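Examination of the molecular architecture
Each chain is listed here by its residues.
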Amino acid sequence: MYIISLLQKVDVAEKIKTAPDSSYQIGVLIGSFIPFVVLIGIAYWMYNRAKKRDENGY
């Protein structure tokens, strides 16, 4: 749990302010959104799986 909290304490605003160019800023922005997109994808997959299981009567 401690390792996860260390990974989440990334200051995106500071990274963007000290970025060498605009492509680095875009990379930081995309990198900060990837975990949320992955979690949304997993939640959607679990929802569909549970919905199909409920429809089949298991």
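Going by the structure above, here's the rest.
First, a word on what this report is: a plain description of the structure on this page. Owing to the predicted nature of the structure, the values given are computational and were not obtained by experimental measurement.

**Some details on the overall build of the protein**
Secondary structure summary: the protein contains 3 helices and 0 strands in total. Ordered by position from N to C terminus, the α and β elements of the protein give α-α-α. Across the 58 residues in the protein, those meeting the buried criterion constitute 3%.

**Description of helix α3 (residues 22–56)**
Between its first and last C-alpha, α3 extends 51 Å over 35 residues, near the 51 Å set by a 1.5 Å rise per residue. When the local axis directions of α3 are compared, the greatest deviation, roughly 30°, occurs at I34, which is followed within four positions by the proline P35.

**Regarding a nonpolar patch on the surface**
Taken together, the side chains of I26, I30, I34, V38, L39, I42, W45 and M46 make up a nonpolar region of the molecular surface, amounting to roughly 800 Å² of accessible area. Positionally, L39 belongs in helix α3. Of the residues examined, L39 reaches a relative accessible area of 53% and is grouped as exposed.

About the criteria used
Residues numbered from 1 in each chain as written. Predicted model: local features only at pLDDT ≥ 70, side-chain atom pairs only at ≥ 80, totals over all residues. Heavy atoms only, no water. Helix = DSSP H or I, 4+ residues; strand = E, 2+ residues; numbered from the N terminus. Buried < 20%, exposed > 50% of the residue type's maximum accessible area, 1.4 Å probe, protein only. Expected span 1.5 Å × (residues − 1). Bend = angle between axes of the 7 residues up to and from the residue. Patch = residues over 30% accessible without salt bridge, like charges linked within 9 Å, V, L, I, M, F, W, Y side chains within 5 Å. Areas by Shrake-Rupley, 256 points an atom, 1.4 Å probe, with all protein chains shown as cover. Salt bridge = Lys/Arg side-chain N within 4 Å of Asp/Glu carboxyl O.

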